[in-house]
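# Close look at the chain arrangement
One-letter residues, chain by chain:
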Amino acid sequence: MITMIREGNAMAANGRKSIFITGAASGIGLACAKRFAAAGWFIGLSDIDRTGLTAALQAIGPDNGSVHVLDVRDREGWANALGDFGRETGGKADVILNNAGVARFGVLEDLSDADCDIQVDVNIKGVINGARAGLPLLKAAGGRLINVASCAGLYGSPKLAVYSATKFAVRGLSEALDVEYAQHGVSVACVMPWFVATPILNAGASGSNEQMADALRAGGLEVYPVEDAAQVVWDAAHGKALHYFVGKRAKQMRFATSHMAGSVRKRLRSQPLLSS
Ligand code: NAI
């Protein structure tokens, strides 16, 4: 069967609410695309994975979205993708979901330079690019910028040191932009998931065979279904709060890092993976 991929089809959103999602070919981004499309929204599906995007469009229904092959590190790519998306939606976006992210699991000395660089480039610079490029469409809608950080942005996470640093950055960026963008009628939310069952858990580091999923299993840590994350993003799109948490363990972690940072640190030393 041939799937028609629409890129820049004038006003295809036809008055529907719209969301532009990065990393929409897999995991949390794909689950969000399905959640919002099922509720009648028009979805801009973007990712570096063209094949995955085609499948994603098929999954949400070809009339419910458009696909945009976009590497979030590429500023010109952002301008082109949002230009095409804006033509579909009448120049607005109710939500931009900065979701694309990568992880490399392992102690810092096992990471290659490329492992370090890609996390900073995608997780921080990619989100900054989206926040800047997306502002005109968000302004036009009085919309909401939603950035996906992580519980690793609550407390420095061993074996995820660079990843964790990038997620602190996303949290800081979100908090600052919520103030800056208020003058434009645009609000910001930062979503912090605990571990969620997606392919990112297969992450390792170039210098190690260990995968995050193995460490999670060994530690008996909870992993939440991807639909839980999509529901929290839905809540974030419709709420006014700045911080949103995916999973009970995420809320416990938030409490523990706010009120018992010393004991969190002690537990991490005995179990070197996030624990609350
Ligand atoms: P995933 O690996 O299933 O999906 C990530 C998507 O991002 C993939 O489709 C990938 O092709 C895309 N991507 C990677 N590099 C890209 C680039 N340069 N430009 C555009 N797209 C790119 O992972 P998942 O779990 O769905 O991750 C989504 C977000 O959730 C990430 O920001 C991640 O850090 C965050 N997160 C995930 C958690 C989890 O346990 N799954 C926990 C906390 C946060």
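Everything numeric here is computed off the predicted structure, so don't read it as measured data.

Glancing now at the site of the ligand. Near the ligand you find 29 residues, and of these Ser26, Asp47, Tyr163, Val196 and Thr198 are the closest. Here Asp47 contributes a side-chain N or O atom positioned 2.6 Å from an oxygen atom of the ligand. For the ligand, an oxygen atom lies 2.7 Å from a polar atom in the backbone of Val196. Its free accessible area being 830 Å², the ligand has 93% of it covered by the protein chains. At the level of secondary structure, the elements contributing two or more residues to the shell around the ligand comprise helix 1 (27–38) and helix 5 (161–180). Grouping the amino acids of the shell around the ligand by side-chain chemistry returns 18 nonpolar, seven polar and four charged.

This part is about the nonpolar core. Among the nonpolar cores identified, the biggest contains 36 residues, and Phe36, Ile43, Leu45 and Ile146 are the most heavily contacted of them. With eight residues, helix 7 (residues 226–238) is the largest single contributor of residues to this core. Excluding its chain neighbours within four sequence positions, the residues that come into contact with Ile43 are Ile19, Ile21, Ala33, Phe36, Ala37, Ile60, Asn64, Gly65, Ser66 and Phe85. Ranked by size, the runner-up nonpolar core spans 29 residues in total, among them Ala103, Met192, Ala215 and Leu268.

A few words on the pattern of salt bridges. Counted according to the given criterion, the structure contains eight salt bridges. One salt bridge connects Asp94 with Lys92, and the closest N-O pair in it is separated by 3.2 Å. Looking at Asp94, the relative accessible area reads 13%, which means it is buried. We note a salt bridge from Arg171 to Glu175, for which the minimum N-O separation is 3.3 Å. Within this pair, Arg171 and its partner Glu175 are both found in helix 5, separated by four residues, close to a single helical turn.

Two elements in contact, helix 3 (residues 75–89) and helix 4 (residues 113–141), have axes separated by 10 Å at closest approach and are oriented at 35°. Crossing handedness for the pair helix 3 and helix 4: right-handed. Judged by residue contacts, Arg75, Trp78, Leu82, Phe85 and Gly86 of helix 3 engage Gly126, Asn129, Gly130, Ala133, Gly134 and Leu137 from helix 4. The residue makeup of the contact of helix 3 with helix 4, split by class, is five nonpolar, five polar and one charged.

What counts, and where the lines are drawn
The written sequence of each chain sets the order in which its residues are numbered from 1. For a predicted model such as this one, the threshold for reporting local features is a pLDDT of at least 70, and the threshold for listing and counting side-chain atom pairs is 80 or more; totals across whole chains, interfaces and linings nevertheless cover every residue. Only hydrogens and water are set aside; all other atoms, that is, all heavy atoms of the structure, feed into the side-chain values. We call a residue near a given molecule or strand whenever any one of its heavy atoms falls within 4 Å of it. Any pair of N or O atoms that falls within 3.5 Å is considered a polar contact. Within protein, one atom must be able to donate a hydrogen and the other to accept it, and sequence-neighbouring residues count only if both atoms are side-chain atoms. Under the convention used here, a 1.4 Å probe and the Shrake-Rupley method define accessible areas, while residue burial counts only the protein chains that appear. By definition, any uninterrupted DSSP run of H or I lasting at least four residues is a helix, any uninterrupted run of E lasting at least two residues is a strand, and each is numbered from the N terminus. Here the term charged refers only to Asp, Glu, Lys and Arg, the term nonpolar to Ala, Val, Leu, Ile, Met, Phe, Trp, Tyr, Cys and Pro, and the term polar to all other amino acids, Gly among them. Only buried residues count toward a nonpolar core. Its members are Ala, Val, Leu, Ile, Met, Phe, Trp, Tyr and Cys residues joined through side-chain atoms within 4.5 Å. Think of it in three bands: with a 1.4 Å probe and only protein chains considered, a residue is buried below 20% of the maximum accessible area for its type, exposed above 50%, and partly exposed in between. Only heavy atoms matter for contacts: two residues are in contact if any of them lie within 4.5 Å across the pair. Salt bridge criterion: a side-chain nitrogen from Lys or Arg within 4 Å of a carboxyl oxygen from Asp or Glu. For helices, the fitted line uses only the C-alpha atoms of the stretch in contact; every axis is such a line through C-alpha atoms, and the angle between N-to-C directions lies from 0 to 180 degrees. Note on convention: the crossing is left-handed when the near helix lies turned anticlockwise from the far helix by less than a right angle, right-handed when the turn is clockwise.

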